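Analysis of the macromolecular model
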Amino acid sequence: MKLMCGTANKPLAKAIADYLDAPLSNVEIETFADGELFVRIDENMRGEDVFLIQPTSKPANDHLMELLICMDALNRASARRITAVIPYFGYARQDRKTGGRTPITAKLVANLIAGAGADRVLTLDLHAGQIQGFFDIPTDNLFATPAMETDIRMNYDTDNLMIVSPDVGGVVRARALAKRLGADIAIVDKRRPHPGEAEVMNIIGDVDGRRCIIFDDIIDSGGTLCNAAAALKERGATEVSAYITHGVLSGKAVERIGESEMAELVVTDSIDSNDKLVGAKNVRALSVAPLLGEAIRRIANDESVSKLFD
Ligand SMILES: Nc1ncnc2c1ncn2[C@@H]1O[C@H](COP(=O)(O)O)[C@@H](O)[C@H]1O
Ligand SMILES: O=P(O)(O)OC[C@H]1O[C@H](OP(=O)(O)OP(=O)(O)O)[C@H](O)[C@@H]1O
Ligand SMILES: [Mg+2]
Ligand SMILES: [Mg+2]
């Protein structure tokens, strides 16, 4: 088995390598003066089972192109099997036509990844489970839920707890976490009047006097989360915290969370947000390296991956 990574999240790749007690193969990735990328793998890959770690986070197009070019290089180097390990799958929110003459870019990206030579995909908390079906190659979609459950049990009193989905897309995810914790769920009826704007219409469930944990897949502008937190407080929630898998954290999201009434936000390291989190007063990172590392070990040894979530 060989582990390799692009430039998108080297700290996570290193942590996965540490978990597996395996080295990261050397790869040189250069950008020419005109912006084009060049990749050279510095060791023999012939006949190897290769796991290439690269989230397609911001800058999404550069990181995606890096992933595609690395896979092309691996194929031409006669790797036996290539697993694209994509802890954060960018473009996932374009998972359906949102209007006339608009694309389904998540499907296009899935086609590009398979076309560049991926034999398998390993990813985490896809924005919508159905995106798994956009790939015509085996795709394992891991859930951060068990890691979050453990962290919640360590840091929060689970009595009187309510798990809150901040929109309709997060309901299945929230229900799964609530079931593991033996908690109730509430659902926010969110509308997006325009892309990038989130509005709370209503809350389904009585949150008065309850401690709430909002659970979601992505925090980008922070609008969905901060609006949900404010609405929960308005309706009598005693404390609001959040666990969100992918910390996209665009623009002033971290400041916005700092100014909110939220006690704490926990994101995973699926995206390298280290720079953004320096000095953040109420945002903390939780590593998914053990989860991804264990899934890689199981795939390499033909063991069950779904057993990780029993
Ligand atoms: N990367 C994106 N950043 C911001 N907004 C996006 C991105 N990709 C798609 N969108 C827009 O988000 C909504 C999602 O629609 P839902 O009905 O809330 O699932 C849509 O307006 C996309 O154009
Ligand atoms: O931080 P923000 O900029 O608000 O963006 C993050 C939100 O956007 C996505 O939901 P989406 O609007 O696609 O709704 P859905 O989950 O119901 O599909 C995502 O699942 C988050 O809930
Ligand atoms: Mg969506
Ligand atoms: Mg959502």
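Being a predicted model, the structure only gives us computed values, none of them experimental. (Residues numbered from 1 in each chain as written. Chains lettered and ligands numbered in written order. Predicted model: local features only at pLDDT ≥ 70, side-chain atom pairs only at ≥ 80, totals over all residues. Heavy atoms only, no water.)

Secondary structure assignment for the chain yields nine helices and 14 strands. The C-alpha atoms of the chain give a radius of gyration of 20 Å, which matches the 19 Å a tight globule of 310 residues would have. With respect to the three principal axes, the spread of C-alpha positions in the chain is 60 × 45 × 35 Å. When the 310 residues of the chain are sorted by exposure, 53% land in the buried category. Put simply, of all contacts in the chain between residues at least 6 apart along the chain, 63% involve residues at least 24 apart. For the chain, the exposed surface amounts to about 14200 Å²; the carbon and sulfur share of it is 48%. (Helix = DSSP H or I, 4+ residues; strand = E, 2+ residues; numbered from the N terminus. Rg over C-alpha atoms; globule rule 2.2 N^0.38 Å. Buried < 20%, exposed > 50% of the residue type's maximum accessible area, 1.4 Å probe, protein only. Contact = heavy atoms within 4.5 Å. Areas by Shrake-Rupley, 256 points an atom, 1.4 Å probe, with all protein chains shown as cover.)

Around ligand 2 there are 15 residues in total, and Arg192, Asp216, Asp217, Ser221 and Thr224 lie nearest to it. Residue Asp220 places a main-chain N or O atom 2.8 Å away from an oxygen atom belonging to ligand 2. Judged by its atoms lying within 2 Å of the grid points, ligand 2 is housed in the largest pocket. Elements with a contribution of two residues or more to the shell around ligand 2: strand 11 (211-219) and helix 6 (223-234). In terms of residues, the shell around ligand 2 owes the most to one element, strand 11, which gives four residues. Looking at the shell around ligand 2, its residues break down into three nonpolar, six polar and six charged. (Near = heavy atom within 4 Å. Polar contact = N/O pair within 3.5 Å; in protein donor to acceptor, adjacent residues only side chain to side chain. 1 Å grid on protein atoms, 1.4 Å probe; cavity = no way out; pocket = protein on both sides within 12 Å on 5 of 7 lines; lining within 4 Å. Sits in = over half its atoms within 2 Å of the grid points. Nonpolar A, V, L, I, M, F, W, Y, C, P; charged D, E, K, R; others polar.)

The subject of this paragraph is empty space enclosed by the protein. Tallied over the entire structure, the rule returns one cavity of 30 Å³ or more. Taken as a whole, the largest cavity holds about 30 Å³ of empty space. Looking at side-chain class alone, the lining of the largest cavity contains five nonpolar, two polar and two charged residues. (Points joined across faces, edges and corners; volume = space filled by probe spheres on them.)

Close contact between helix 2 (residues 60-76) and helix 3 (residues 105-115) brings their axes to 9 Å; oriented N to C, the two are set at 25 degrees. Looking at the two axes, helix 2 sits roughly parallel to helix 3. Across the interface between the two elements, Leu64, Leu67, Leu68 and Met71 from helix 2 touch Val109, Leu112 and Ile113 from helix 3. Class assignment for the residues of the contact of helix 2 with helix 3 results in seven nonpolar, no polar and no charged. (Axes fitted to C-alpha atoms, helices over the stretch in contact; angles between N-to-C directions. Parallel < 35°, antiparallel > 145°, perpendicular 65-115°, else oblique.)

This brings us to the pattern of salt bridges. Inspection of the entire model under this criterion finds 22 salt bridges. Glu234 serves as the salt-bridge partner of Arg235, at 3.9 Å between the closest nitrogen and oxygen. Among the residues examined, Glu234 registers a relative accessible area of 67% and is labelled exposed. Here the salt bridges share partners, and the residues they tie into one network are Glu294, Arg297, Arg298 and Glu303. (Salt bridge = Lys/Arg side-chain N within 4 Å of Asp/Glu carboxyl O.)

So, on to the site of ligand 1. Near ligand 1 the following residues occur: Arg93, Gln94, Arg96, Arg192, Pro195 and Asp220. Arg93 has a polar side-chain atom sitting 3.3 Å from a nitrogen atom of ligand 1. Because more than half of its atoms lie within 2 Å of the grid, ligand 1 is assigned to the largest pocket. Classifying every residue of the shell around ligand 1 gives one nonpolar, one polar and four charged.

For the rest of this paragraph, the subject is the sheet that holds strand 10 (residues 199-204). Taking strand neighbours across the sheet as the criterion, the seven strands line up as 10-9-8-11-12-13-14 in an open arrangement whose pairing is mixed. Of all strands in the sheet, those with a lone pairing partner are strand 10 and strand 14 (283-286), marking the two edges. Pairwise comparison of adjacent strand axes, ignoring direction, gives a mean angle of 25 degrees for this sheet. The strands touched by helix 5 (residues 171-181) are strand 8 (161-165), strand 9 (184-191) and strand 11; relative to strand 8, the strand with the most contacts, the crossing angle is about 165 degrees. (Pairing = 2+ DSSP bridges.)

The next thing to look at is the state of the cysteines. According to the stated counting rule, one finds zero disulfides in the structure shown. Considering cysteine sulfurs only, Cys226 is the nearest to Cys212, which forms no disulfide, with 15 Å between them. (Disulfide = S-S within 2.5 Å.)

Once that is clear, we can look at unusual backbone geometry. Backbone torsion omega between Lys58 and Pro59 reads -5 degrees, so that peptide bond is classified as cis. Residue position: Pro59 is located in the loop between strand 4 (49-53) and helix 2. The residue Arg101 is not glycine, and still its phi comes out positive at about 60 degrees. Mapped onto the elements, Arg101 comes out in the loop between strand 5 (81-86) and helix 3. Taking the relative accessible area as the measure of exposure, Arg101 reaches 83% and is therefore exposed. One non-glycine residue, Leu249, adopts positive backbone phi at about 50 degrees. Here Leu249 shows up in the loop between strand 12 (239-247) and helix 7 (253-259). Relative accessible area serves as the criterion here: at 1%, Leu249 is assigned to the buried category.

Once that is clear, we can look at helix 6. Along its 12 residues, helix 6 runs 16 Å from first to last C-alpha, staying within 8% of the 16 Å computed at 1.5 Å per residue. Within helix 6 the residues assigned to the buried category are Gly223, Thr224, Leu225, Cys226, Ala228, Ala229, Ala231 and Leu232. Downstream of helix 6 by one or two residues, Gly236 has phi in the positive range, about 100 degrees. (Expected span 1.5 Å × (residues − 1).)

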